[in-house]
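# Structural overview
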Amino acid sequence: MKKIIALALAATPVLTSAGAVYAADVARAERPVVMQEGARNGVKIGYLDCNIGGGAGYILGSAKEVDCVFKSTIDGEPLDHYSGAIRKLGVDIGFTTRSRLIWAVLAPTAGYHHGSLGGIYQGATAEVTAGAGVGANILVGGTTGSIHLQTVSVTGQLGLNIAATGTSMTLASVN
């Protein structure tokens with residue numbers, strides 16, 4: 001087990017310098033802006049709550065479905081739904097039955113375009129699971145707009161897994 005962890009940690013710099021898995025950016029239609037002046041000083045506008053499907057890691061990678069909901073900090077604001085996939089390339093050994101990922105959503109102003117979190121996010125992931133486990137993701141990207149996900153997020157999952165991978169997550173709005 002120690003050898004696997006050492007291999008995973010040693011592979012991380014190589015994988016991240018080589019780049020993450022690339023995919024086409026998801027096109028989005030312009031939608032109306034929801035704004036509330038002075039509500040949050042333009043920092044945290046909500047959070048993205050994602051359920052990640054279970055599956056196996058195939059030593060060199062994995063692909064799992066993702067279903068997410070954006071929840072605004074503005075009371076009464078409708079939920080915004082996203083679906084997509086998370087792909088990992090690198091040391092990914094084991095299986096997970098389910099995972100949950102929660103990200104803070106940030107913007108320079110107190111506005112949100114529905115569907116604006118759609119796009120591709122790339123970076124790295126490290127996970128350790130034995131029954132219940134945790135992981136950390138460092139992903140950047142999305143659309144060309146100024147609304148984005150907090151760079152670092154934490155994942156909770158059930159299963160038996162170890163992973164140190166380059167990661168790509170693609171999201172598309174389903175509204």
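Residues numbered from 1 in each chain as written. Predicted model: local features only at pLDDT ≥ 70, side-chain atom pairs only at ≥ 80, totals over all residues. Heavy atoms only, no water.

Quick look at the side chain of Lys88 now. Within the element layout of this structure, Lys88 appears in strand 3 (residues 80–106). Among the polar contacts listed, one links the side chain of Lys88 to the side chain of Glu127, at a separation of 2.8 Å. Apart from residues no more than four positions distant in its own chain, Lys88 is found in contact with Leu60, Gly61, Ser62, Thr125, Glu127, Thr165, Gly166 and Thr167. (Helix = DSSP H or I, 4+ residues; strand = E, 2+ residues; numbered from the N terminus. Polar contact = N/O pair within 3.5 Å; in protein donor to acceptor, adjacent residues only side chain to side chain. Contact = heavy atoms within 4.5 Å.)

Within the structure shown, the criterion is met by one aromatic pair. Pairing Trp103 with Tyr121 gives two aromatic rings, centres 6.4 Å apart and planes at 35°, and the pair type is tilted. In this pair, Trp103 sits in strand 3 while Tyr121 sits in strand 5 (residues 119–142), placing the two residues 18 residues apart along the sequence. An identical accessibility class is assigned to Trp103 and Tyr121; each is buried. (Phe/Tyr/Trp six-rings, centres within 6.5 Å; stacked < 30°, edge-to-face > 60°. Buried < 20%, exposed > 50% of the residue type's maximum accessible area, 1.4 Å probe, protein only.)

This part covers the nonpolar core. One finds Leu48, Leu117 and Met169 to be the most contacted residues of the largest nonpolar core, which totals 21 residues. If one sorts the elements of this core by residue count, strand 2 (residues 44–72) sits on top with seven residues. Aside from chain neighbours lying at most four places away, what touches Leu117 is Leu48, Phe70, Tyr82, Val105, Tyr112, Ile147, Leu149 and Leu171. (Core = buried A, V, L, I, M, F, W, Y, C linked by side-chain atoms within 4.5 Å.)

A few words on a nonpolar patch on the surface. A grouping of Ile59, Leu60 and Ile93 is seen on the molecular surface, where their side chains present a nonpolar patch of about 300 Å² in accessible area. Secondary-structure assignment places Ile93 in strand 3. (Patch = residues over 30% accessible without salt bridge, like charges linked within 9 Å, V, L, I, M, F, W, Y side chains within 5 Å. Areas by Shrake-Rupley, 256 points an atom, 1.4 Å probe, with all protein chains shown as cover. Salt bridge = Lys/Arg side-chain N within 4 Å of Asp/Glu carboxyl O.)

In this section: the state of the cysteines. Enumeration according to the criterion identifies one disulfide in this entry. The disulfide that involves Cys50 links it to Cys68, with 2.1 Å between the sulfurs. Across the S-S bond linking Cys50 and Cys68, the dihedral sits near 110°, which makes this disulfide right-handed. (Disulfide = S-S within 2.5 Å.)

Attention now goes to the pattern of salt bridges. Per the stated rule, a full pass over the model turns up three salt bridges. Where Lys71 meets Asp49, a salt bridge forms, and the shortest distance between an N and an O atom there is 3.9 Å. Residue classification places Lys71 among the partly exposed residues on the basis of a relative accessible area of 27%. Here Lys88 ties to Glu127 by a salt bridge, and the two come within 2.8 Å at their closest N and O atoms. Of the two residues, Lys88 is situated in strand 3 and Glu127 in strand 5; the sequence distance between them amounts to 39 residues. Exposure remark for Lys88: the relative accessible area of 8% places this residue in the buried category. When salt bridges with common partners are traced through the structure, they connect Asp49, Lys71 and Arg100 into a single cluster.

Pairing of strand 3 with strand 7 (residues 152–173) involves 20 bridges; the strand directions are antiparallel. By the bridge assignment for strand 7, Ile86 is matched with Met169. By the bridge criterion, 20 bridges tie strand 5 to strand 7 in an arrangement that is antiparallel. When the sheet's bridge partners are listed, Ala132 is paired in strand 7 with Leu158. (Pairing = 2+ DSSP bridges.)

Keep in mind that these numbers describe shape and distance, not what the molecule does.
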